[in-house]
Amino acid sequence: MRTEWMNTQVAPEPATLSGQGGMSRRGFLKATGAVGGGLVLGFFVPGAGRLALAQPDKPVSAPNAFLRIAPDNTVTVSINRLEFGQGVHTSLPMLIAEELDADWTAMQATLAPADSAYKDPAFGMQMTGGSNSVKNSFVQYREIGARARAMLVAAAAQQWNVTPDQCRTDKGMVYGPGDRKASYGELAESAMKLPVPEKVSLKDPKDFRIIGKPTPRLDAREKSSGKQQFGIDASVPGMKVAVVAHPPVFGAKVAKFDAAKARAIKGVVDVLEVPTDRGGTGIAVIADGYWPAKQGREALGLEWDTSAVEKVSSDRQFAAYRELAKKPGIVARDADISRLAKAPKKITAEFEFPYLAHAPMEPLNCVVDLKADSCTVWAGSQFQTVDQGAIAKTAGLKPEQVTLNTMMAGGGFGRRAVPTSDYIVEAVNVAKAYRATGKSGPVKLIWSREDDIKGGYYRPAHVHRAEIGLDAKGNILAWNHTIVGQSILTGTPFEPFMVKNGVDATMVEGMGEPYEVPLRLSVHNAKANVPVLWWRSVGSTHTAFVMETLIDEAAKIANVDPVAYRKKLIGDKHPRHLAALDLAVARSGYGKASLPKGRAWGVALHESFQSVVAYVVEASIEKGVPKLHKVTAAVHCNQAVNPLSIEAQVQGAALMALGTTLPGAAITLKDGVVQQQNFSDYTVARMPDMPQIAVHIVPSGDAPTGMGEPGLPPLAPAFANAVAKLTGKRLRKLPFELNAGSKTV
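Residues numbered from 1 in each chain as written. Predicted model: local features only at pLDDT ≥ 70, side-chain atom pairs only at ≥ 80, totals over all residues. Heavy atoms only, no water.

Time to look at the overall build of the chain. Looking only at helices and strands, the chain features 17 helices and 32 strands. In terms of overall size, the chain behaves like a compact globule, its C-alpha atoms giving a radius of gyration of 27 Å where 745 residues would be expected to give roughly 27 Å. Projected onto the principal axes, the alpha-carbon positions of the chain cover approximately 85 × 70 × 45 Å. Taking the contacts inside the chain whose residues are at least 6 apart along the sequence as the reference set, 77% of them involve residues at least 24 apart. Counting only carbon and sulfur atoms, one obtains 52% of the accessible surface of the chain, whose full area is about 28800 Å². A distance of 3 Å separates the average location of the 85 positive side-chain charges in the chain from that of its 71 negative side-chain charges. (Helix = DSSP H or I, 4+ residues; strand = E, 2+ residues; numbered from the N terminus. Rg over C-alpha atoms; globule rule 2.2 N^0.38 Å. Contact = heavy atoms within 4.5 Å. Areas by Shrake-Rupley, 256 points an atom, 1.4 Å probe, with all protein chains shown as cover. Lys, Arg positive; Asp, Glu negative; His and termini not counted. Charge placed at Lys NZ, Arg CZ, Asp CG, Glu CD.)

Further remarks concern the packing of aromatic side chains. For the structure on display, the rule yields 13 aromatic pairs. Ring centres 5.9 Å apart and planes at 85° place the aromatic pair Phe-353 and Phe-545 in the edge-to-face group. With Phe-353 in strand β17 (residues 345-353) and Phe-545 in helix α13 (residues 540-558), the pair connects residues that are 192 residues apart, well separated along the chain. With relative accessibility at 0%, the residue Phe-353 sits in the buried group. (Phe/Tyr/Trp six-rings, centres within 6.5 Å; stacked < 30°, edge-to-face > 60°. Buried < 20%, exposed > 50% of the residue type's maximum accessible area, 1.4 Å probe, protein only.)

Across a sheet, strands are paired by hydrogen bonds formed along the backbone, either parallel or antiparallel in direction. With respect to topology, 3 strands assemble into an open sheet ordered β8-β9-β10, the strand pairing being antiparallel. Looking at strand neighbours, the two that pair on one side only are β8 (168-170) and β10 (180-183), the edges of this open sheet. Strand-to-strand twist of the sheet, defined as the mean angle between neighbouring strand axes without regard to direction, takes the value 25°. In this sheet, β10 lies alongside strand β9 (residues 173-176) in antiparallel orientation, the contact comprising 4 bridges. Its bridge partner being in β10, Met-173 is matched across the sheet by Ser-183. Running at roughly 40° to β9, helix α2 (residues 133-160) makes contact with β8, β9 and β10 of the sheet. Its contacts with the sheet place helix α3 (residues 184-192) against β8, β9 and β10, and it is angled at close to 80° to β10. (Pairing = 2+ DSSP bridges. Axes fitted to C-alpha atoms, helices over the stretch in contact; angles between N-to-C directions.)

We now examine the nonpolar core. Note that soluble globular proteins tend to have their nonpolar side chains buried in a common cluster. Core analysis: the largest hydrophobic core is formed by 122 residues, its most contacted members being Tyr-355, Ile-476, Trp-479 and Tyr-615. The element contributing the most residues to this core is α13, with 9 residues. Ile-476 has contacts with Ile-468, Gly-469, Leu-470, Val-517, Pro-518, Ile-551, Ala-554, Tyr-565 and Leu-569, leaving out every residue within four places of it along the chain. Grouped together as the second largest cluster of nonpolar side chains are 52 residues, Phe-66, Val-75, Met-151 and Tyr-184 included. (Core = buried A, V, L, I, M, F, W, Y, C linked by side-chain atoms within 4.5 Å.)

Now for helix α7 (residues 314-325). The terminal C-alpha atoms of α7 lie 16 Å apart, and with 12 residues this matches the ideal 16 Å at 1.5 Å per residue to within 8%. Those residues of α7 that fall on the buried side of the exposure criterion are Ser-314, Gln-317, Phe-318, Tyr-321 and Ala-325. An end-on view of α7 places all buried positions within 95° of arc, on one side of the element. Among the structural elements, β17, β22 (462-470), β23 (476-485) and β30 (669-670) are those in contact with the buried residues of α7. (Expected span 1.5 Å × (residues − 1). Arc of directions from axis to C-beta.)

On to the sheet that holds strand β18 (residues 365-370). Reading across from one edge, β13-β14-β11-β21-β18-β19-β20 is the order of the 7 strands in this open sheet, with mixed pairing throughout. The strands lining the two open edges of the sheet, one partner per strand, are β13 (268-275) and β20 (402-406). Taken over all neighbouring pairs, the strand axes of this sheet differ in orientation by 25° on average, direction set aside. Bridge count for strand β19 (residues 375-379) against β20 is 5 bridges, and the pairing is parallel. Note that in β20 the partner of Cys-375 across the bridge is Val-402. Helix α6 (residues 290-298) contacts β11 (240-245), β13, β14 (281-287) and β21 (443-446) of the sheet and is inclined by roughly 25° relative to β11. Each of β18, β19 and β20 is contacted by helix α8 (residues 384-395), which is oriented at about 140° to β20, the strand it contacts most.

Now for the layout of surface pockets. The calculated volume of the second largest pocket comes to roughly 620 Å³. Around the second largest pocket, the lining comprises 30 residues; the ones closest to its centre are Ala-245, His-246, Pro-247, Asp-451 and Lys-454. (1 Å grid on protein atoms, 1.4 Å probe; cavity = no way out; pocket = protein on both sides within 12 Å on 5 of 7 lines; lining within 4 Å. Points joined across faces, edges and corners; volume = space filled by probe spheres on them.)

Before going further, it helps to examine the side chain of Ser-381. In this fold, Ser-381 is placed in the loop between β19 and α8. Engagement of the side chain of Ser-381 in a polar contact is seen with the side chain of Asp-387, the distance being 2.6 Å. Once residues within four sequence positions are removed from consideration, Ser-381 is found in contact with Leu-82, Asp-387, Leu-404, Thr-406 and Arg-416. (Polar contact = N/O pair within 3.5 Å; in protein donor to acceptor, adjacent residues only side chain to side chain.)

Okay, the confidence of the model for the chain next. Mean pLDDT over the chain: 91, with 91% of residues reaching 70 or higher. Low confidence marks residues 31-35, where pLDDT is under 50. Its contacts with residues over four positions away, or in another chain, come to 12 contacts. The model gives residues 44-64 a pLDDT under 50, and that stretch makes 53 contacts with residues more than four places away or in other chains. (pLDDT = per-residue confidence, 0-100.)

Our focus in this paragraph is the pattern of salt bridges. Two side chains bearing opposite charge may form a pair once their charged atoms approach each other closely. Tallied over the entire structure, the rule returns 33 salt bridges. Residues Glu-99 and Arg-142 are paired through a salt bridge, measuring 3.0 Å at the closest nitrogen-oxygen approach. Note that Glu-99 is positioned in helix α1 (residues 88-100) and Arg-142 in helix α2, a separation of 43 residues in sequence. Each member of the pair, Glu-99 as well as Arg-142, carries the same accessibility label: buried. It is possible to trace a salt-bridge network through shared partners that takes in Glu-98, Asp-101, Arg-149, Asp-170, Lys-203 and Arg-209. (Salt bridge = Lys/Arg side-chain N within 4 Å of Asp/Glu carboxyl O.)

Along β21, one buried face is formed by Val-443 and Leu-445 and the opposite face, lined by Lys-444 and Ile-446, is buried too. As paired strands, β11 and β21 are joined by 3 bridges and run parallel to one another. Note that in β21 the partner of Val-241 across the bridge is Lys-444. Of the pairings in the sheet, the one linking β18 to β21 comprises 4 bridges and is antiparallel in character. Within β21, the position partnered with Cys-366 by the bridge is Leu-445.

Turning our eyes to something else, we now look at empty space enclosed by the protein. In total, this model carries 5 cavities of 30 Å³ or more according to the counting rule given. Its boundaries defined by the atoms lining it, the largest cavity holds a volume of some 90 Å³. Around the largest cavity, the lining residues are Pro-354, Leu-356, Arg-459, Thr-541, Ala-657, Thr-660, Ala-665, Leu-712, Pro-713, Ala-716 and Leu-734. Here the residues of the lining of the largest cavity sort into 8 nonpolar, 2 polar and 1 charged. Roughly 80 Å³ of volume is contained in the second largest cavity. For the second largest cavity, the lining is made up of 14 residues, of which Pro-460, His-462, Ile-488, Thr-506 and Gly-539 are closest to its centre. Broken down by class, the residue content of the lining of the second largest cavity amounts to 7 nonpolar, 5 polar and 2 charged. (Nonpolar A, V, L, I, M, F, W, Y, C, P; charged D, E, K, R; others polar.)

Below, the structure written as C-alpha cells:
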C-alpha cells in the first residue's frame, strides 16, 4: 500500500483574511490566568452561526485556549473536534505548526471540552461530521499559528531593540541580527504581554514545509502501545457502572421485572426504571463493575408492553417501498423525459439497500458525575454543543453548569453525533434516578456490543427505481428515477437549511452529477418506527452505487469502454473528476496491463463532501463468491494536509465499503425486533478481506476539501461493475446476491 503525493505552486493567499464564506474575521484574544506561564491564544465566538471580533478587553479563560506555548518550548494545540480515527489530532496541529514555524517534535495535542470557543467556524456549533474538520478549520488554525508567530517575533525584536522584519523564525526559534536567537519557550512570557495582531499574512502554499508532507500521527504511540485512554476507559473515584435493559421494539415500555433477583447478584447496588429513547422505558442495573451489572440485567425476568408502537418487518417494508417507488414522488430534480416511452433501448432497474449499523469497535459509553448544581460528563462526543445542551436540559441545569470532557473514541461513523443525544441523555437519566434514591457519585453507562447493534440509529433502508431510455447507439435520452426511504434530517437542527420542499438533501446527494443526463428525480419520505441517522458518507452510500452501476450498464449497451463513456458524459465542466479518473486509470494499468485469468476490471467515480474519488479494481469469482483483489484509488481533495492520513482514510473507507457487499451486512427486523446482535450475525469486513490498495493524490494547492468519508461510496459499485463483467449480470442489492442480478432489458 502506498500513497503518491506532491505539492504544487499556486498563487499566494491574501495578506489580510476575512474568514470563509463571507463571514467576518475571527477575533483572537490572549487568555488570562494561564497556569505555568507561557503564551496562550484563545478564540471567542459570540453567537452560534456567526463570527465576529471579540472586544479587546473580554478575557478568554485558559481552558478555552487553542494554543499554548510553554517555557520548555512545547506547543500544545487544543483540538476543537472529536478524534476517533480520522487523524485530526495530527492534521490540525500541522496547520498551526506550519504558520508558527514550530519544531514539529515539540508539538502536542489535546481534545477540547465542550465550549462556545471551539465551535466550527462554518456551522456555529462544536461538532465533528461531514468530513469538515480540516476543511472548515484550515484558515482558522493557520491564523492562530500566524498570530502567535507574529507575537513571538515582536517580543524578540523588542528585547533585541530591532525591528520585526529583521528577525526570522525556524523550528521553534527566533533569529535576529548579530547571531541573536531565542526559543519560543523563552519568549512566550514576553509575547503574552503584547497585543494580538488583527492582520496576519499566511504562507504561500509553495512555501509549506509541514503541510503536504506525510506526517506520522501524534497519537500513534499511545494507541499502538495500548496506553491511549478512550471514553470506555474513563474512571472516576467512587464510580459505579450501569447497564440498561432496552425495549426489544423501539419505544416500547417495561411491563414487568424482578428487581429482587437482580439485586441478589453480588455487586449490584440498585435497580431502577428509567426513560429510554423514543418515549420508551428500560431498567438500569447499577453495580460495582460491568460484569455484575450485566449479570443483574440478565436476571431481571423482563416483560415488555409493545402494544402502542409500530412493529416493522423488513420483508413487508421492502414490499411497500417497491410499490411506492412505482409512483411519482416529490420532485427533487426535473427534466424532460418525454423521449423515454419510445426509446429503442431501455434499462429498468430496482435497487434495495438495507438498514446498516455503525458498529464502531468501541461501543457507546458515558460517565456522568451529577451534583445539585453541576454535571460533569466524559464521553466521545461528535456533537459537543448539542450534547451539552441535552445534558443540561435532562439534568435541569444551565449549559454553563455542564462540563463535557471530550474523550478519544474508538470509531463512530456518525453514531456519536445524534441530534437526540440518545445514549448521553440515557446516562444522565440513570444518574438522576440513582441520585433520587439518596445515593451519590459518578455513574458510568456502558452499552454492550449487542446493545450497540440492536440500539437503533441506522443508515436508512432505501429502494431506488430507475427507468432509462437510450437510443440505438446507447446515448441516454431520458432517465426517470424514484427513491424511497426515511429522512434523516427531519426534526434535526439541520432541517431548516437541508430539507427543501420536502426533499431531504442527503437522500438525493450524488444523483446525476457529474454526468450530463436528462434526469427526473423524485422521492418518497417513508415513515417507520426505526431510528435512522447519517452513516459514513450519508446518502452517497446508496446513490453512488446506483449511479455508477447504471452508467456502467449504459456503457455496455453502447458498446463503449466504461471509462470513455464516463468521460464523454462528464464533458469539460468537471476537471477534478476527470483528473481523478485519469490518475486512477493511469496508475492501475487499466486497458494496458494484462489481468490474470478469471479477473476483470471495475471502475467507479463519485464526489462527496467536495472531494472526488475514483476507483479501478480487479475482481474475480471464487467458488461462486465475488473476490476483490486489487484497488487503485485516485483522490482529488485539493490541498493534501497530511497524505498519510488521507491514505489511511481511503484504506479504511474502502474496507468499510467492501463490508457492505458481504453476505450478512444488513440490519433486518421482524415484528419490530432487530434480528442481529453481534459480529457473529452482523457482517463487517475483516483484515483477510482487505485487498491490495494503492492510493494516489491529485496534486493541488487549493483549500482542502473533506476526506473522512469520500473513499467509501465508489468502492462497492466498482466491485459490482467488475462482477457484472465476469457474470454478465447486474447486481441490484447490497449486500451482493449473485442470483439477484438481472440482465439489461
